[in-house]
Amino acid sequence: MTPTLLLIRPTKGAQAFARECAALWPDLPIVRSPIMRIESHGAQVQPPGSVILSSASAVPQIAVPNGSRQIAAYCVGPRTAKAAHAAGIKVALTAPDADALIAEILCNPPNEPLLHLRGEHSRGDICQRLNKGGQPCTELVVYRQVSQALTDPARELLSGATPVILPLFSPRSAQLLSLESTHIHAPMWIAALSSAVYEAWAGPADRVALAPTPDAQGMLKAILKLM
């Protein structure tokens, strides 16, 4: 039976990933049902110095200054770095995950405190671990991840018999969909961005593949492995 791909990322990320999947597998059915949406936590922030960005969702919350002063960003993941660059922010470092970012910063510490702009729900304890390692850092919540109900097509898919390929990009999305696990009867093929993301999944898993790299290309490889 041909599986169906269920994308539960926030709308913007889901749209971009759906295009990549459609280019590789044009006959693969895709259902999009964002399990959360991104909302600003307040006015845009004018950082006094360099920032840490662990998600592209933080980029729109930055008031990028005009003139010669440029903000430098330490980014988790190429998607975050790409968004920062497009917004006129200098990318000082791109690391594949929070652990690698912390290690890189502690090996080559900047001569200034850092500000981690993050979501309401965040993992990795970046700020705390940097301070413990001797790098001054503060953090500020600039957006929230608000849960959303599944669409009717998504609910029908999960309660049916067709295998469902479920890419899980974050622990938060994994946790939110796990709340629906009692209503899930379809065979679930889980592609997780990392072991930490998969550990947050409490629903059924008939097949599991971890992305070899924590990015979209790694997720595509995990999906290919499932298929």
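See above for the structure.
This section reports on the structure supplied with the text. (Residues numbered from 1 in each chain as written. Predicted model: local features only at pLDDT ≥ 70, side-chain atom pairs only at ≥ 80, totals over all residues. Heavy atoms only, no water.)

Turning next to the sheet that holds strand β7 (residues 114-119). Taken in spatial order, the six strands of this open sheet run β3-β8-β7-β4-β5-β6, and their pairing is mixed. Either end of the sheet is taken by a strand with one partner, and the two such strands are β3 (36-40) and β6 (90-95). Each neighbouring strand pair of the sheet contributes to a mean axis angle of 25°, computed without reference to strand direction. Relative to β6, strand β5 (residues 72-76) is paired through five bridges, and the arrangement is parallel. Of the residues in β6, the one forming a bridge with V76 is A95. (Pairing = 2+ DSSP bridges. Helix = DSSP H or I, 4+ residues; strand = E, 2+ residues; numbered from the N terminus. Axes fitted to C-alpha atoms, helices over the stretch in contact; angles between N-to-C directions.)

Among the secondary structure elements, G203 is positioned in the loop between α7 (195-199) and β11 (207-210). Put simply, G203 and H183 are 20 residues apart on the chain and 9.8 Å apart in space, counted from C-alpha to C-alpha. The residues contacting G203, other than those within four sequence positions of it, are S178 and S181. (Contact = heavy atoms within 4.5 Å.)

As a further point, take the packing of helix α1 (residues 11-24) against helix α8 (residues 216-226). Following both chains from N to C, one finds α1 and α8 inclined at 45°, their axes separated by 11 Å at the closest point. Taken together, α1 and α8 sit at an angle that is classed as oblique. The two elements α1 and α8 cross, and the hand of that crossing is right-handed. Every residue of α8 that contacts α1 at F17, E20, C21 and L24 is listed here: A216, Q217, M219, L220 and I223. Considered class by class, the residues forming the contact of α1 with α8 number seven nonpolar, one polar and one charged. (Parallel < 35°, antiparallel > 145°, perpendicular 65-115°, else oblique. Left-handed = near helix turned anticlockwise from the far one by under 90°. Nonpolar A, V, L, I, M, F, W, Y, C, P; charged D, E, K, R; others polar.)

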